[in-house]
Amino acid sequence: STPAPLDLNNVQGDILAGLPKKTQTYFFFLIDESRVQAFRKQLATLIPLITTTAQVFSHHEKISQNKKDAVGRGVSPSLLKISGVNIVFSQKGLVKMGINDNIGDDVFRKGMLADAPTLGDPGTATSDSPDWVPAFKQGVDGMILVSGESHQTVAETLAEIERIFFVGAHCATIHEALRIVGDVRPGKEKGHEHFGFLDGISQPAVRGVNATNNPGQEFVRQGITLLGREGDDKFNAAFVDQGPNTRPSWALDGSFLAFRYLFQLVPEFQTFLKRNPIAGLAPDLGSELLGARFVGRWMSGAPVDIAPTHDDPALGKDASRNNNFRYAFPDDSKTQDRCPFAAHTRKTNPRADIEDLNATTANANEKHRIFRRGVQFGPEVTAAEAASGKTVHGRGLLFAAYQSNIHFGFQFLQNNWSNTANFPPKTGPTGAAVISGLDPLIGQNTAGARSMIGANPQSQSTSLTLPTWVVPKGGEYFFSPSIPALKATFAL
Ligand code: HEM
């Protein structure tokens with residue numbers, strides 16, 4: 001039967017809107033085996049604290065009103081106090097709670113540790129995932145995400161949540177497995193990930209949720225993120241190979257979260273750029289261009305497909321222009337004059353590179369779109385680290401992405417695209433395949449060797465050997481239930 005139209009009060013806020021992220025604490029927990037019933041009762045007390053998508057959108061409106069008012073009064077806008085809370089569960093957590101329905105996603109059911117070889121994490125059958133931190137190797141049952149405009153607000157909210165579950169007391173129903181604090185970077189680096197590039201620019205818009213889109217920003221159907229909505233492949237008989245073709249009714253309006261704990265070797269990355277500038281340019285520009293061609297965007301966010309030779313900060317911050325490209329200028333599909341085939345943004349959203357492959361499909365890329373909600377963690381690079389070119393303090397990206405099908409979403413982007421040397425499929429003048437190599441940021445394989453072509457626009461078939469700069473130290477696949485499901489199926 002067709003579900004009732006989407007109600008944004010039913011959907012957890014991080015999925016479609018993104019919890020405010022100045023600072024976020026990821027609290028990974030284990031449910032106490034002997035107190036599952038008590039935990040499920042206490043969950044009912046947590047539910048009113050959970051932030052919905054409707055609440056996040058109304059907060060966005062308040063912020064923009066607050067800004068307008070401040071501008072009108074000639075003062076700088078005050079920071080509105082806000083706290084956001086979401087809760088998600090792993091397959092292990094569902095089983096522990098006695099929720100045994102199969103949600104219909106085999107990758108989720110097996111969990112991320114079992115998926116590590118497919119994702120290309122270093123390790124072999126005998127030494128599995130040596131880089132992973134113990135908490136993710138042992139597995140976690142769930143995660144509570146608490147966000148806010150200040151550490152103080154997050155600490156207060158977290159303390160309230162810990163009281164609900166008696167965390168730390170002898171009768172605790174959940175135990176802390178790992179706590180990770182993420183912070184937006186300070187000052188002018190706000191919104192930039194640790195390598196220095198503006199992030200979070202390209203996200204899909206959702207039909208019936210976002211009223212408008214920016215030029216170049218594509219609309220996807222609600223079912224690309226939300227289970228049970230139009231576009232959710234599990235309601236389409238063509239996808240039975242990905243698991244059962246049905247979902248339990250309580251899965252409606254839930255979403256799968258792929259969380260990755262990604263460490264970035266920033267001084268090593270910067271040193272590589274400095275030592276390998278693209279020849280024929282002033283050294284600084286040569287280094288900057290190499291970095292831009294690794295990412296597909298300059299540090300300001302300006303896409304190399306629009307600005308191939310110089311950064312253009314005005315373009316980088318202009319939402320009406322900074323996503324309006326398709327790797328489809330006359331020769332883009334065949335040459336790497338503007339953007340290497342292997343560049344991070346081209347690998348993870350190939351735009352016209354794959355949409356043109358099958359003209360009969362309206363948008364071959366739609367089912368591979370994900371909603372990225374990550375945040376940075378760790379301190380700024382110190383002077384000593386910059387001088388030595390060696391990382392001393394751990395820092396990186398708490399990668400978090402929502403989708404209705406993990407295989408077609410995060411797993412596909414990592415395994416079939418970023419880690420796959422002959423993607424996107426290209427042929428040279430003689431018809432022979434052009435092997436683009438790995439995504440220079442995140443492309444990896446269990447053996448560890450990495451290279452790409454096209455880094456240098458003047459010598460597009462030259463292979464460049466790439467050291468590793470992103471080290472995955474674990475993660476998990478989670479399910480983010482709807483509010484009605486939390487009330488009726490999860491809580492007692
Ligand atoms: C875009 C950095 C990991 C998927 C971007 C952008 C940057 C970036 C700077 C451009 C900004 C934008 O278009 O929004 C990083 C870094 C990573 C990382 C530093 C690791 C530490 C990942 C992973 C995935 C991923 C693991 C998925 C497997 C994407 C996607 C886009 C993107 C889908 C948007 C591409 C587009 O639509 O044009 N990333 N990323 N990223 N990244 Fe990542």
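Thresholds, definitions, all that
- Residues numbered from 1 in each chain as written.
- Predicted model: local features only at pLDDT ≥ 70, side-chain atom pairs only at ≥ 80, totals over all residues.
- Heavy atoms only, no water.
- Phe/Tyr/Trp six-rings, centres within 6.5 Å; stacked < 30°, edge-to-face > 60°.
- Helix = DSSP H or I, 4+ residues; strand = E, 2+ residues; numbered from the N terminus.
- Buried < 20%, exposed > 50% of the residue type's maximum accessible area, 1.4 Å probe, protein only.
- Salt bridge = Lys/Arg side-chain N within 4 Å of Asp/Glu carboxyl O.
- Core = buried A, V, L, I, M, F, W, Y, C linked by side-chain atoms within 4.5 Å.
- Contact = heavy atoms within 4.5 Å.
- Near = heavy atom within 4 Å.
- Polar contact = N/O pair within 3.5 Å; in protein donor to acceptor, adjacent residues only side chain to side chain.
- Nonpolar A, V, L, I, M, F, W, Y, C, P; charged D, E, K, R; others polar.
- Donors = N, O, S within 2.8 Å, 3.2 Å for Na, K, Ca; no water.
- Axes fitted to C-alpha atoms, helices over the stretch in contact; angles between N-to-C directions.
- Parallel < 35°, antiparallel > 145°, perpendicular 65-115°, else oblique.
- Left-handed = near helix turned anticlockwise from the far one by under 90°.
- 1 Å grid on protein atoms, 1.4 Å probe; cavity = no way out; pocket = protein on both sides within 12 Å on 5 of 7 lines; lining within 4 Å.
- Points joined across faces, edges and corners; volume = space filled by probe spheres on them.

Q: Before we move on, could you go through the packing of aromatic side chains and cite the residues and values that matter?
A: Summed over the entire model, instances satisfying the criterion amount to 30 aromatic pairs. Considering the side-chain rings of phenylalanine 29 and phenylalanine 39, the 6.1 Å spacing of their centres and the 45° angle between planes classify their relative orientation as tilted. A residue pair is termed long-range when its members are at least 10 positions apart, and phenylalanine 29 in strand β1 (residues 23-31) and phenylalanine 39 in helix α2 (residues 36-46) qualify at 10 residues. With relative accessibility at 0%, the residue phenylalanine 29 sits in the buried group.

Q: Give me the pattern of salt bridges: which residues, what numbers.
A: Enumeration according to the criterion identifies 20 salt bridges in this entry. In this structure, arginine 321 and aspartate 318 form a salt bridge, with 2.9 Å as the shortest nitrogen-oxygen distance. We classify aspartate 318 as partly exposed; its relative accessible area is 23%. Put simply, lysine 426 and aspartate 353 hold a salt bridge, and the shortest N to O gap is 2.7 Å.

Q: Lay out the nonpolar core in plain terms, naming residues and giving numbers.
A: Of all hydrophobic cores here, the largest spans 118 residues; its most connected members are Tyr26, Phe28, Leu43, Phe89, Ile144, Phe294 and Phe490. The greatest single-element share of this core, amounting to seven residues, is contributed by strand β7 (residues 255-264). Apart from residues lying up to four places away in sequence, phenylalanine 490 is in contact with Arg40, Leu43, Phe89, Leu94, Met97, Ile99, Trp250, Phe479, Pro481 and Ala485.

Q: Report on the site of the ligand, specifying residues and quantitative values.
A: What surrounds the ligand is a group of 27 residues, the closest being Ile201, Ser202, His344, Arg351 and Arg372. Take arginine 372: an N or O atom from its side chain is 2.7 Å from an oxygen atom of the ligand. Secondary-structure elements contributing two or more residues to the shell around the ligand are β7, α12 (344-348), β10 (396-403) and α15 (407-418). Class assignment of the residues belonging to the shell around the ligand gives a composition of 13 nonpolar, eight polar and six charged.

Q: Outline the coordination of the iron atom of the ligand, supporting the account with residue identities and numerical values.
A: Exactly one protein atom donates to the iron atom of the ligand; that atom is His344 (NE2), 2.1 Å from the metal. Take histidine 344: it is sitting in helix α12.

Q: Which residues make up the packing of helix α9 (residues 266-275) against helix α10 (residues 283-295), and what are the values?
A: One can describe the packing of α9 onto α10 by two numbers: an axis separation of 7 Å at closest approach and a directional angle of 125°. Between α9 and α10, the crossing angle belongs to the class labelled oblique. Once α9 is placed against α10, the crossing between them reads as right-handed. Here α9 contributes Phe269, Phe272, Leu273 and Lys274 to the contact with α10, which in turn contributes Ser287, Leu290, Gly291 and Phe294.

Q: Report on the packing of helix α6 (residues 112-119) against α15, specifying residues and quantitative values.
A: Viewed as axis vectors pointing N to C, α6 and α15 meet at an angle of 30°, and their least axial separation amounts to 9 Å. Counting all contacts with α6, which are made through Met112, Asp115, Thr118 and Leu119, the residues of α15 involved are Phe410, Gln411, Gln414 and Asn415. Of the residues belonging to the contact of α6 with α15, the class tally is three nonpolar, four polar and one charged.

Q: Run through the layout of surface pockets, naming residues and quoting values.
A: Of the voids in this model, the second largest pocket is the one considered here, and its volume is about 760 Å³. As for the second largest pocket, its lining consists of 33 residues, of which Val266, Gln270, Thr271, Leu273 and Lys274 are closest to the centre. Broken down by secondary-structure element, the contributors of at least two residues to the lining of the second largest pocket are α9, α10 and α14 (383-388). Considered class by class, the residues forming the lining of the second largest pocket number 13 nonpolar, nine polar and 11 charged.

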